[in-house]
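Observations on the model geometry
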Amino acid sequence: TYAQQLRTDLERMTRGGSSLLGILGPAPAPRSKVAGKHRWHLLLKTLDPRQFRALTAMIRTHAAEHAPAGITVAIDVDPVHLI
């Protein structure tokens, strides 16, 4: 899936010199299908706000360049619920 490709590429891009604590997932969202669309979660953990901004920029760039047609990537910077 694209979510797994994104995780693999993020791990490769952040190897060495990163304060990334971990990546959880991809895993199906609790409501894994909404309006006929499948949903997946990928949770990134870091303590450094600058690293977080760099990660979100990487994700946006990756999605623009590699996401298949019809795939939407949404970033929630402070999720209250993972639904």
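**Examining unusual backbone geometry**
Note that the residue after glycine 25, namely proline 26, is joined by a cis bond; omega there is 15°. Examined against the element boundaries, proline 26 turns out to sit in strand E1 (residues 20-34). We note that alanine 35 has phi near 50°; this positive angle belongs to a residue other than glycine. Classification of alanine 35 as exposed rests on a relative accessible area of 77%.

**Digging into the nonpolar core**
Counting eight residues, the largest nonpolar core is built from Tyr2, Leu6, Leu10, Ile23, Leu44, Leu55, Ile59 and Ala63. Counting only elements with at least two residues in this core, the list comes to helix H1 (2-14) and helix H2 (49-66).

Rules used in this analysis
Residues numbered from 1 in each chain as written. Predicted model: local features only at pLDDT ≥ 70, side-chain atom pairs only at ≥ 80, totals over all residues. Heavy atoms only, no water. Helix = DSSP H or I, 4+ residues; strand = E, 2+ residues; numbered from the N terminus. Buried < 20%, exposed > 50% of the residue type's maximum accessible area, 1.4 Å probe, protein only. Core = buried A, V, L, I, M, F, W, Y, C linked by side-chain atoms within 4.5 Å.

Note that every value here comes from positions in space, so none of it alone points to a role or purpose.
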